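The primary structure of each chain is shown beneath.
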2 protein chains.
Amino acid sequence: MTYCIGLLLNDGLVMMADTRTNAGVDNFSSFKKLHTLADTPGRQIFACTSGSLSMSQAVISLIKEGLPAAEDSDMIRTLDKCTTMFRIAQLVGEAVQVAGRTVGAALSAINISSSVSVLLGGRIGKGAPTLYLVYSAGNFIECKSEAPFLQIGETKYGKPILDRGIDLAMPLDEAVKVAFLSYDSAMRSNLGVARPIDMMVMPRDPKLPLLLRRIESDDDYFNHLSLRWAELLHEATFEIPNPPFMADLIGK
Amino acid sequence: MTYCIGLLLNDGLVMMADTRTNAGVDNFSSFKKLHTLADTPGRQIFACTSGSLSMSQAVISLIKEGLPAAEDSDMIRTLDKCTTMFRIAQLVGEAVQVAGRTVGAALSAINISSSVSVLLGGRIGKGAPTLYLVYSAGNFIECKSEAPFLQIGETKYGKPILDRGIDLAMPLDEAVKVAFLSYDSAMRSNLGVARPIDMMVMPRDPKLPLLLRRIESDDDYFNHLSLRWAELLHEATFEIPNPPFMADLIGK
């Protein structure tokens, strides 16, 4: 399993991916799922992958090494030749399709799921950051302000917290905190999601630096957040009155 | 979609089911999914169903009308002849299998999912209440004290709250409140779960009355709980400090 979040806010872009992979509970490991596709002054592109690990790695390698030339051209198509984020999303979608026709078909033949999905985020030049979700068929959607986050993988446990807590106008540090709370819920309910969590924060202001950080299993800030959140939820639950219509039943 | 919860606590049994059914977002309706199978002084049995509505209704009707006789007997098998809750769970599992062979096979033939699952709870005589989850293959598990709740349907959005908030030793009214919070999350994240919510509370003490109640779409207590929970979560999020490692990035 995997859990990845992408937030596209007024102040910038946040992408996170956990690192747990597993083929059954008796075979789990840790792999980086937040990939740097480009990080030069003019081009900062990142991808989080969810799904079959071999498919994910094939997709990332295809993107990095370049896709076969189109019929009407003799050029290997690579990321650095794409002039817009939309073109890059198309290239990633095509890499997903190519991997699906090769690795995916072999997996399907032995009834193993070969689906893979990708969160793709970044910026070209000094343009505003953008965020895409590329589905396993290679089609994709772009994140827009009406719903300022996208998720892939084990999305449901952590979605209620994002639904309530993420706001287009919030500062990036607060958004990262809410995303951590979402991870805390997902990790508590599914063993297939676990720290370390890799994160990338790209402020909208291109003069501000990019943050790449790994939140380790013993990260003090995350540990404190997790403990304090449990206490606060307990207090919040206690704060709400119990249903009045049950007073008779429990003999109060 | 559907969301049903069963809680088996020291103080008794709680079962809840929402009422929304849909065949696509353009075709939704409201059906009772918490069924009274028996409610006499010596036998109080309830079932919540999730999955195909026609399958669910077939299962409930089969249970109520009785299953065909076993090979070595000439009696139609009905609920009131079962002497233990385990036997009743077997009968329900068999009803699920019979419906699967008839209605289910017809649905599968046109690639429509026919899976159905059942939460079965109740007591015989003055025995302690028990709770079972009957899967779509007709096999079942019994709820035990290590994990005092079971869910069926759209389970994930509301599970983190149950994981944190449900405790074997808590009073029934507080447990109902936590279950409502779980519904609040599920309803916020999935349009396929909606009020009215039907609920049944069976105190462990057989001298105490059973509570059957419908929480309507305009229920004052639930509305207040939902609003207050949103406020409290917001306050709790605010209470946790933002990540210290982002101070530079956001220019604080």
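Now for a description of the structure that goes with this document. Since the model is a prediction, treat every value here as computed from it, not as a measurement.

Cut-off values and rules
Position numbers for residues start from 1 in each chain and track the written sequence from start to end. Think of it this way: whatever chain is written first is A, whatever ligand is written first is 1, and the rest follow in order. In view of the model being predicted, local features appear only for residues whose pLDDT reaches at least 70, and side-chain atom pairs are presented and counted only at 80 or more, with totals across whole chains, interfaces and linings using the full set of residues. Side-chain numbers come from the whole structure's heavy atoms, not from hydrogens or water. Contact between two residues is taken to exist if any of their heavy atoms lie within 4.5 Å; hydrogens are not considered. As a working definition, buried area equals the accessible area (1.4 Å probe) given up by two parts on being put together, with both sides summed. Salt bridges are counted wherever a side-chain nitrogen of Lys or Arg sits within 4 Å of a carboxyl oxygen of Asp or Glu. A 3.5 Å cut-off defines polar contacts: any pair of N or O atoms within that distance qualifies, except that in protein one atom must be a possible hydrogen donor and the other a possible acceptor, and neighbouring residues in sequence count only when both atoms are side-chain atoms. Numbering of helices and strands starts at the N terminus; helices are DSSP runs of H or I of at least 4 residues and strands are runs of E of at least 2. Residues are grouped as follows: Ala, Val, Leu, Ile, Met, Phe, Trp, Tyr, Cys and Pro are nonpolar; Asp, Glu, Lys and Arg are charged; every other residue, Gly included, is polar. Two cysteine sulfurs form a disulfide in these notes if their separation is within 2.5 Å. Here's how the labels work: a residue is buried when its accessible area is under 20% of the maximum for its type, exposed when over 50%, partly exposed in between, all with a 1.4 Å probe on protein chains only. When the copies are overlaid, the least-squares fit takes in C-alpha atoms only where the residue has pLDDT of at least 70 in both copies. Following DSSP output, two strands are said to pair if at least two bridges run between them. Every angle, taken between N-to-C directions, lies between 0 and 180 degrees, and every axis is a line fitted to C-alpha atoms, over only the stretch in contact when it is a helix.

## Section: the interface of chain B and chain A
Next, step 1: Counting residues at the interface gives 50 residues for chain B and 50 residues for chain A.
Next, step 2: Both faces combined, the contact of chain B with chain A buries some 4,800 Å², and carbon together with sulfur accounts for 67% of it.
Next, step 3: At the junction of chain B with chain A, the criterion picks out 6 salt bridges.
Next, step 4: A salt bridge links Arg164 of chain B to Asp184 of chain A, with the shortest nitrogen-to-oxygen separation between them at 3.0 Å.
Next, step 5: Taken together, the links from chain B to chain A amount to 16 residue pairs in polar contact (both at pLDDT 80 or more).
Next, step 6: Counting residues per element, the ones that place at least two in the side of chain B that touches chain A are α3 (159-165), α4 (172-189), β11 (197-203), β12 (211-215) and α5 (220-239) of chain B.
Next, step 7: In the side of chain B that touches chain A, the residues fall into 31 nonpolar, 5 polar and 14 charged.

## Focus on the state of the cysteines
Next, step 1: Tallied over the full model, the rule gives 0 disulfides over all chains.
Next, step 2: Note on Cys82 of chain B: no disulfide assigned, nearest cysteine sulfur contributed by Cys48 of chain B at a separation of 19 Å.

## Some thoughts on the environment of Arg195 of chain B
Residues and elements named next belong to chain B.
Next, step 1: In this fold, Arg195 is placed in the loop between α4 and β11.
Next, step 2: For Arg195, a relative accessible area of 18% puts it in the buried group.
Next, step 3: For the pair formed by Arg195 and Asp248, sequence separation is 53 residues and the distance between their alpha carbons is 46 Å.
Next, step 4: Not counting chain neighbours up to four residues away, the residues in contact with Arg195 comprise Thr19, Met187, Ile215, Glu216, Ser217, Asp218, Asp219, Phe222 and Asn223.
Next, step 5: Only 3.2 Å separates the side chain of Arg195 from the backbone oxygen of Glu216, close enough to count as a polar contact.
Next, step 6: A distance of 2.7 Å separates the side chain of Arg195 from the side chain of Asn223, its partner in a polar contact.

## A word on the relation of the copies chain B and chain A
Next, step 1: For the pair chain B and chain A, the superposition axis carries a translation of 0.0 Å, the fit reaches an RMSD of 0.0 Å, and the rotation angle comes to 180°. The two molecules are tied by a two-fold rotation axis, judged by turn and shift.
Next, step 2: Interface residue correspondence from chain B to chain A reaches 100%, placing this contact among same-surface, isologous pairings.

## Quick word on the pattern of salt bridges
Residue and element names in this part refer to chain A.
Next, step 1: Going through the model one piece at a time under the given rule, you end up with 22 salt bridges over all chains.
Next, step 2: Between Asp198 and Lys32 there is a salt bridge; the shortest N-O distance is 3.9 Å. Residue Asp198 is found in strand β11 (residues 197-203), and its partner Lys32 is found in the loop between β4 (28-30) and β5 (34-40); the two are separated by 166 residues along the sequence.
Next, step 3: Look at Asp198 and you get buried, because its relative accessible area is 2%.
Next, step 4: Residues joined in a network through salt bridges with shared partners are Lys32, Asp198 and Arg214.

## Quick look at the sheet that holds strand β7 (residues 116-124) of chain B
Residue and element names in this part refer to chain B.
Next, step 1: Strand order in the open sheet made by the 5 strands is β5-β6-β7-β8-β9, with antiparallel pairing throughout. Bordering the open sheet on either side are β5 (34-40) and β9 (140-142), each of which pairs with just one other strand. Going across the sheet, the axis of each strand differs from the next one's by a mean of 15°, ignoring polarity.
Next, step 2: With 5 bridges connecting them, β7 and strand β8 (residues 130-134) associate as antiparallel partners. Bridge pairing in β8 links Leu120 to Tyr132.
Next, step 3: Contacting β5, β6 (43-51) and β7, helix α1 (residues 53-65) runs over the sheet at an angle of about 160° to β6.
Next, step 4: This element, helix α2 (residues 85-109), spans β6, β7, β8 and β9 of the sheet and lies at about 155° to β7.

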